[in-house]
Amino acid sequence: MANASSIFGRRSKSSCFQYLLLAVLCVQSGCQQQEDDRQVVTLWHQMVPRGRVVLDRLIAKFEAENPEYHIRALYKETEELRSGFQAAALAGVGPELIYGPSDVLGAYHTMGIVQDMNAWAPSLNPEDFTEGALTFLPSHDDSGQRVLLQIPDRFGNHLALVYNRNFISSPPTTTDELIALGIQNTLDEDQDGRFERYGLVWNFVEPFFAIPFLTGHGAWVFDDSGEPVPALDAPECAAAYDFILSLRDKHGIVPRNCDYETADSLFKSGKAAMIINGDWSWADYLETKGIDAAVAPLPVVSATGKPMAPMVSPKGYSLNAFATPESAAVAMKFVLFMTSEGAQRELMHELKILPSRKSLHMDPFLTSDPTLLASKQQLANGRMMPVDTELRAVWDAMRPHYQSLLGGNASAQEAAAAMQRDSIRSIELMNRKSTGDSAAWIWQLLGILICGTLVVWQRKSLANFIPDIRRQPFAYLLVAPALATIFLTIAFPFFYNVMLSLSDMSLTNFQDWKIIGLANYLEVFSENKFFTILLKTLIWTVVNVFFHVAIGVMLAMAINGPIRGKTIYRILLIIPWAVPAYITALTWRSMFHFDYGAVNLLASSWPISLLTTSSWFVALLGSPPYNWLGDPNLMFTACIVANVWLGYPFMMVIALGGLQGIPQELYEAARIDGANRFQQFRNVTLPLLKPVLVPAVTLGAIWTFNNLNVVWLVSNGGEPADETHILVSFVYKAVFNLYRYGYGAALSMVIFVMLLVASLISLQRSRATENVYG
């Protein structure tokens, strides 16, 4: 208080105002209000909407029995949960509990970000759980003991066949029957070339959904050695891929571009007779009005006599390695409650999922429910999903070549061979251990010298800074929160990223990484794919910014003219900018669907083509539907169209502001001198818009160059075949798919330097900040 009095006592007349202002700032900066005394445990989960309802109900029961605790449940998308938890754990924080499938536990265990739950659950008896439900992995030490990394509340998470009894009375037991029923239920009733109903749908573009076809043909992702060695080039794999293609191309019972949302929507709307989907979706299908859904095991492959065996895995709770002992104790008490018989029985009744406890498999509800009985039968035919970290590399290698196969750009044998080659390379990259840099101390010394040079360079400013704080302490007190925010959100992450780019941080060196020098930068520039993606990123940026500016300026000039209803037009034209990009990107993706997208429906609408005599327009509107989502070039074009739609309103607003600042006398003088419209635009409008447009174009180019959302969402993560990446999405994939953190940091620094140099050159050469009237 003495210090505060010395600060504020100099000007007694304004002391009350200063105290009041300081109090307001404290409130606005988030001074915490008095909280309840309950101990809080945070849970990140990825439950479907119906599951969240049951989860909230069970949390309420737990808190009623334990009023001193509060469980804060937060929903996260699958990839968001995984990447967010890794980032939080790196800082030694994050939720006490995470909930999800077991396939990521191998990576989490290698990173050391989940802990052994054995010590917190001494009364837990593994014999009470279905075999394979509890996830144990070898400890990192040489003790030979196994650590418990997950306690599940369900077991299965597997695919099965769901059929609509309005169309199919009994499910197929063999793939021959599946094809016959599919052909019977694939109908084009009005003979317009578009099917009103398909026989079979599933997430056709995702390799996880292809696993039952592989197992039915005798294949598996790993070989039989007991080690996680890929076996993706086996002849049985190629046979399975050929069979998948035949369902679409030969028998015609599966639609093109059938992703998860399309398949789900078609079945729920009665436009598909059968769907292959997981147990997380069955409860919704059973209660969907207008269809009579039932679940059945996947059929036997007629050519091999083997059942289609999906991957099965538990879903449950894991404990953060950095949770405090007090929080861990409360978290484990909640986990034991959620995995108890009572809680699992409630989940089984509401969600139609198989419990992980053995005793509940004899529950009268399970033994009498046809959905659960079918699920149990499918579970018996399933195969445990590996928890090895190598599985992530397998998925990453399978996806692009599987989609290339579906797009007709590779044969089954070629795709299988490419999957095997890339999976081995990805596993090597993911598990690569750095030997370190014997001259690492040089980089540390260099960092110290750079910091020292900056201090010497700014010594005069620093010398004036300290006395100025003494003269104006209150002013610096006001800006301190903003400076702290800038440091924590911009400066510190930037320099930390620089340090990571010089490190060997990866899956195997997640917490004990060290400086290795420029190895990551050399790897960036030694990859041919980097230059290919860089060229595509430059094309993406130039084309988008060109159309943003061209359309934006054109519309701004139209609105700035003497037209009626300016306000309405401004509101309508700014809508693409106002709507969240996430919603817009997903909407555009659905509009580019092969069978049901608005773009193809409009392009193939022959009555519209009769309205014009332009031959190229007739050819466009009368053309057959384009495979926008399955062709790499068309997919890239679709991403550009979506981003142009999102970006032109910004340039329109900027240009409109600049136009309204141009004196009308200049146009009058130009008209007196005989200048036509184009000459007025070139000699008056453009020069005076330049100071406004050039910084906006520079900013727009940076935004577009780094625009992850549109490319990622419209192309669904770089589909098809990983051919729709720009540099920023390639960085995301490298970091979070293969855990190459050092490489990703180096690539992000390369992007930063390129944008910085381009921006400085652009602003310097354009001289946009000079006085236009000077």
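Because the structure is a prediction, the values reported are computed rather than measured. (Residues numbered from 1 in each chain as written. Predicted model: local features only at pLDDT ≥ 70, side-chain atom pairs only at ≥ 80, totals over all residues. Heavy atoms only, no water.)

Peer 1: Please give an account of the overall build of the protein that cites residues and values.
Peer 2: Scanning the protein for helices and strands turns up 32 helices and 11 strands. Put simply, of all contacts in the protein between residues at least 6 apart along the chain, 74% involve residues at least 24 apart. Of the roughly 37,800 Å² of accessible surface on the protein, a fraction of 61% belongs to carbon and sulfur atoms. (Helix = DSSP H or I, 4+ residues; strand = E, 2+ residues; numbered from the N terminus. Contact = heavy atoms within 4.5 Å. Areas by Shrake-Rupley, 256 points an atom, 1.4 Å probe, with all protein chains shown as cover.)

Peer 1: Break down the packing of helix 27 (residues 632-660) against helix 29 (residues 677-705) for me, with residues and values.
Peer 2: The interhelical angle for the contact between helix 27 and helix 29, taken along N-to-C directions, is 150°, at an axis separation of 9 Å. With respect to their mutual orientation, helix 27 and helix 29 come out roughly antiparallel. Between helix 27 and helix 29 the crossing geometry is right-handed. Between helix 27, through Asn643, Phe650, Met651, Ile654, Ala655, Gly658 and Leu659, and helix 29, the contact on the second element is made entirely by Thr685, Leu689, Val692, Leu693, Ala696, Val697, Leu699, Gly700, Trp703 and Thr704. Looking at the contact of helix 27 with helix 29 residue by residue, the class counts come to 12 nonpolar, five polar and no charged. (Axes fitted to C-alpha atoms, helices over the stretch in contact; angles between N-to-C directions. Parallel < 35°, antiparallel > 145°, perpendicular 65-115°, else oblique. Left-handed = near helix turned anticlockwise from the far one by under 90°. Nonpolar A, V, L, I, M, F, W, Y, C, P; charged D, E, K, R; others polar.)

Peer 1: So what's going on with the pairing of strand 9 (residues 293-296)? Residues and values would help.
Peer 2: Residues Ala293 and Val295 of strand 9 are buried on one face, and the alternating residues Ala294 and Ala296, pointing to the opposite face, are buried as well. Examined bridge by bridge, strand 6 (residues 159-164) and strand 9 share four bridges and lie antiparallel to one another. Looking at the pairing, valine 162 lines up with valine 295 of strand 9. (Buried < 20%, exposed > 50% of the residue type's maximum accessible area, 1.4 Å probe, protein only. Pairing = 2+ DSSP bridges.)

Peer 1: Break down empty space enclosed by the protein for me, with residues and values.
Peer 2: The final tally for this structure, using the stated rule, is one cavity of 30 Å³ or more. The computed volume of the largest cavity comes to approximately 170 Å³. Around the largest cavity, the lining comprises 15 residues; the ones closest to its centre are Val205, Asn257, Leu406, Leu629 and Gly630. Split by residue class, the lining of the largest cavity holds five nonpolar, five polar and five charged. Counting residues domain by domain, the lining of the largest cavity receives three or more from each of domain 3 (159-309 + 389-431) and domain 4 (535-726). (1 Å grid on protein atoms, 1.4 Å probe; cavity = no way out; pocket = protein on both sides within 12 Å on 5 of 7 lines; lining within 4 Å. Points joined across faces, edges and corners; volume = space filled by probe spheres on them. Domains from an automatic or database assignment.)

Peer 1: Describe the pattern of salt bridges, and please don't skip the residues or the numbers.
Peer 2: Scanning all chains against the criterion turns up 27 salt bridges. Glutamate 527 is the partner of arginine 425 in a salt bridge, and the nearest nitrogen-oxygen pair spans 3.7 Å. With arginine 425 in helix 16 (residues 412-430) and glutamate 527 in the loop between helix 20 (519-526) and helix 21 (528-560), this residue pair connects regions lying 102 residues apart in the sequence. A relative accessible area of 44% means that arginine 425 is categorised as partly exposed. We note a salt bridge from lysine 514 to aspartate 504, for which the minimum N-O separation is 3.1 Å. (Salt bridge = Lys/Arg side-chain N within 4 Å of Asp/Glu carboxyl O.)

Peer 1: Can you lay out unusual backbone geometry for me, pointing to particular residues and giving the numbers?
Peer 2: Excluding glycine, residues mostly have negative phi values, and the peptide bonds linking residues are mostly trans. Going from glutamate 719 to proline 720, the amide bond is cis rather than trans, its omega being -5°. Relative to the helices and strands, proline 720 resides in the loop between helix 30 (708-714) and helix 31 (727-738). Residue lysine 352 is not a glycine yet carries a positive backbone phi of 60°. On the accessibility criterion, lysine 352 (17% relative accessible area) is buried.

Peer 1: Which residues make up the sheet that holds strand 8 (residues 272-278), and what values go with them?
Peer 2: Strands sit in the order 7-8-6-9 across an open sheet of four strands; the sheet is mixed. Both outer strands of the open sheet, strand 7 (198-202) and strand 9, are each paired with one neighbouring strand and no more. Strand-to-strand twist in this sheet, taken as the mean axis angle between neighbours without regard to direction, amounts to 25°. Alignment of strand 6 against strand 8, held across five bridges, turns out to be antiparallel. Bridging across to strand 8, leucine 161 finds its partner in isoleucine 276. Taken strand by strand, helix 9 (residues 260-268) contacts strand 6, strand 7, strand 8 and strand 9, and its axis lies near 135° from that of strand 8. Contacting strand 6 and strand 9, helix 14 (residues 370-381) crosses the sheet at an angle of about 30° to strand 9.

Peer 1: So what's going on with the packing of aromatic side chains? Which residues, and what values?
Peer 2: All chains considered together, the criterion is met by 32 aromatic pairs. Centre to centre, the rings of phenylalanine 213 and phenylalanine 243 are 6.1 Å apart; their planes meet at 40°, and the pair counts as tilted. Here the residue phenylalanine 213 occupies a position in helix 7 (residues 211-216), and phenylalanine 243 occupies one in helix 8 (residues 235-249), the gap between them amounting to 30 residues. Centre to centre, the rings of tyrosine 241 and tyrosine 402 are 6.0 Å apart; their planes meet at 55°, and the pair counts as tilted. Taken together, the residues tyrosine 241 in helix 8 and tyrosine 402 in helix 15 (residues 390-406) connect sequence positions 161 residues apart. The buried category is assigned to tyrosine 241, whose relative accessible area is 0%. On the basis of relative accessibility, which here comes to 0%, the residue tyrosine 402 falls in the buried class. One aromatic cluster in this structure is built from Phe62, Tyr69, Tyr99, Tyr317, Phe334 and Phe337. (Phe/Tyr/Trp six-rings, centres within 6.5 Å; stacked < 30°, edge-to-face > 60°.)

Peer 1: Could you give me a rundown of helix 9, with the residues and numbers involved?
Peer 2: Among the residues of helix 9, those classed as buried are Thr262, Ala263, Asp264, Leu266 and Phe267. Looking at the buried residues of helix 9, the elements they touch are strand 6, strand 7, strand 8, helix 10 (282-287) and strand 9. One or two residues past the end of helix 9 sits glycine 270, with phi positive at roughly 75°.

Peer 1: How would you summarise the nonpolar core if you had to cite specific residues and measurements?
Peer 2: If you look at the biggest cluster of nonpolar residues, it comprises 70 residues, and the most contacted ones within it are Leu200, Trp202, Val221 and Tyr241. With eight residues, helix 8 is the single largest residue contributor to this core. For valine 221, the contacting residues outside a window of four places in its chain are Ile211, Val229, Pro230, Ala231, Leu232, Met311, Leu391, Val394 and Met398. Of all hydrophobic cores here, the second largest spans 48 residues; its members include Leu81, Ala107, Leu149 and Tyr741. (Core = buried A, V, L, I, M, F, W, Y, C linked by side-chain atoms within 4.5 Å.)

Peer 1: With reference to specific residues and values, describe the environment of threonine 186.
Peer 2: By the element assignment, threonine 186 lies in the loop between helix 6 (175-184) and strand 7. For threonine 186, a relative accessible area of 13% gives the class buried. Expressed as a C-alpha distance, the spacing of threonine 186 and alanine 272, which sit 86 residues apart in the sequence, is 8.0 Å. Within the structure, threonine 186 has its side chain in polar contact with the backbone nitrogen of glycine 199 (distance 2.9 Å). (Polar contact = N/O pair within 3.5 Å; in protein donor to acceptor, adjacent residues only side chain to side chain.)

Peer 1: Could you give an account of the side chain of threonine 508, naming the residues involved and the relevant values?
Peer 2: Take threonine 508: it is sitting in the loop between helix 19 (473-501) and helix 20. Among the residues examined, threonine 508 registers a relative accessible area of 17% and is labelled buried. Among residues more than four places away in sequence, those in contact with threonine 508 are Thr110, Met430, Asn431, Arg432 and Lys433.

Peer 1: How would you explain the packing of helix 23 (residues 581-591) against helix 27 if you had to name every residue and give the values?
Peer 2: The description of two packed helices rests on the angle between their axes and on the distance between the axes. As a packed pair, helix 23 and helix 27 sit with axes 10 Å apart at the nearest point and diverge in direction by 140°. Classified by the interaxial angle, the pair formed by helix 23 and helix 27 is oblique. Judged by the sense of rotation from one axis to the other, the crossing of helix 23 with helix 27 is right-handed. Here Ala581, Thr584, Trp588 and Arg589 of helix 23 lie close against helix 27, whose contacting residues are Met635, Val641, Ala642, Trp645 and Leu646. Taken together, the residues that form the contact of helix 23 with helix 27 break down as seven nonpolar, one polar and one charged.

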